Amino acid sequence: MTVQTVMVIGAGQMGSGIVQVHAMAGVQVFMHDLKAEFVERGMNTITKNLDRQVEKGRMTEDDRNAILARITPSTDLQNAAKVDLVIEAAVENMEIKQKIFSELDQIAPEHTILATNTSSLPITEIAAVTNRPEKVIGMHFMNPVPVMKLVEIIRGLATTDAVYGTIEDLSRQLGKIPVEVNDFPGFVSNRILMPMINEAIYTVFEGVATPEAVDEVMKLGMNHPMGPLTLADFIGLDTCLYIMETLHEGFGDDKYRPCPLLRKYVKAGWLGKKSGRGFYVYN
């Protein structure tokens, strides 16, 4: 199957990035969210990104306009009746995702593939609320979506080879590199990344080193582009905590136990860059 029209659910940082790369690849795309103001904010983000490309001479004004013309704002989920693929990029919460997929299953045509951009939740469990588990798949983009090349493609228990092949081909069309991963908590990316971040938080919690020192060691010693605590602030400490809880619950292994300091910061509302304070202070 060739994917010609896509709906992306969620117009936030990840959702707007996913919309942008589809529109840049020549795909018609609905950018959907609950409120028009959320969709407008997402459109503004994409427009600014494209304007920057024009200013740098990497894109013409005509190309920019053509890309924006492929994006249709949406606040009506019934628009899913017009698409070949839906990519859900809503909040990382199983109950919310299952509600969305249950509704999409009723609205979307029989051929439509339902994908989720979840970074840690089981694809099989999301698929279970639909009558098309064979057409449900994980399509985990990395942040920032327009820049990062990886797409983790996660099969659910029932996902067919044909559906996997369609998503793999589309990922390449978007200029991404697809990597196949099986359906385990955290997949590969977050199963490895999040315990590292959690361990970095433990080193601060136990007084081994300051956040600045931890980040310097990982940047200068391990050649990481940014330290794990800076990265945690960028991801959102609430998201980090949620993923660690998913790993802890999914594997039942205490090596995934979230650091008490991470819990404390989240309870204090210190969520990282988006709240103005995490391990560092942001203006």
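Owing to the predicted nature of the structure, the values given are computational and were not obtained by experimental measurement.

**Section: the UniProt feature "domain: 3-hydroxyacyl-CoA dehydrogenase C-terminal" (unreviewed entry) in the chain**
According to UniProt, the "domain: 3-hydroxyacyl-CoA dehydrogenase C-terminal" (unreviewed entry) feature falls on residues 186-282. Overall, residues 186-282 shows 62% helix and 0% strand. The separation of its end C-alpha atoms is 28 Å.

**Description of the nonpolar core**
Judged by nonpolar contacts, the single largest core of 36 residues is most densely connected at Ile 71, Leu 85, Met 139 and Phe 141. When residues no more than four places from it in sequence are discounted, the contact partners of Ile 71 are Val 19, Ala 23, Val 29, Met 31, Met 43 and Ile 46. Listed in part, the 23 residues of the second largest apolar core include Ala 200, Ile 243, Leu 262 and Phe 279.

**Structural notes on the side chain of Thr 230**
Structurally, Thr 230 can be placed in helix 9 (residues 228-235). We classify Thr 230 as buried; its relative accessible area is 19%. Dropping the residues within four chain positions of it, Thr 230 is found in contact with Asp 215, Tyr 280 and Tyr 282.

**Quick look at the packing of aromatic side chains**
Considering all chains together, one arrives at 4 aromatic pairs under this definition. Summarising the aromatic geometry, the rings of Tyr 202 and Phe 205 are spaced 6.2 Å apart at their centres and angled 70° between planes, so their arrangement reads as edge-to-face. Linking Tyr 202 with Phe 205, this pair stays in helix 7 (residues 189-205), spanning 3 residues, or about one helical turn. Note on Phe 205: relative accessible area 42%, which makes it partly exposed. Both rings, one in Tyr 265 and one in Phe 279, keep their centres 4.9 Å apart while their planes meet at 40°; by these two values the pair is tilted. Of this pair, Tyr 265 sits in helix 11 (residues 260-267) while Phe 279 sits in the segment after helix 11, and the two are 14 residues apart along the sequence. Comparing Tyr 265 with Phe 279 shows no difference in burial state: the two are buried. Taken together through their ring pairs, the aromatic side chains of Tyr 265, Trp 270 and Phe 279 make up a single cluster. Positioned over the ring face of Tyr 164 is Arg 155, at 4.5 Å from the centre of the ring. A cation over an aromatic ring shows up here: Arg 277 above the ring of Trp 270, its NZ or CZ 3.8 Å from the ring centre.

**Overview of the UniProt feature "domain: 3-hydroxyacyl-CoA dehydrogenase NAD binding" (unreviewed entry) in the chain**
Sites flagged by UniProt as "domain: 3-hydroxyacyl-CoA dehydrogenase NAD binding" (unreviewed entry) map to residues 5-183. Secondary structure across residues 5-183 comprises 41% helix and 22% strand; the distance between its end C-alpha atoms is 26 Å.

About the criteria used
- Residues numbered from 1 in each chain as written.
- Predicted model: local features only at pLDDT ≥ 70, side-chain atom pairs only at ≥ 80, totals over all residues.
- Heavy atoms only, no water.
- UniProt positions renumbered as here; feature names shortened; annotations may be inferred.
- Helix = DSSP H or I, 4+ residues; strand = E, 2+ residues; numbered from the N terminus.
- Core = buried A, V, L, I, M, F, W, Y, C linked by side-chain atoms within 4.5 Å.
- Buried < 20%, exposed > 50% of the residue type's maximum accessible area, 1.4 Å probe, protein only.
- Contact = heavy atoms within 4.5 Å.
- Phe/Tyr/Trp six-rings, centres within 6.5 Å; stacked < 30°, edge-to-face > 60°.
- Lys NZ or Arg CZ within 6 Å of the ring centre and 35° of its normal.

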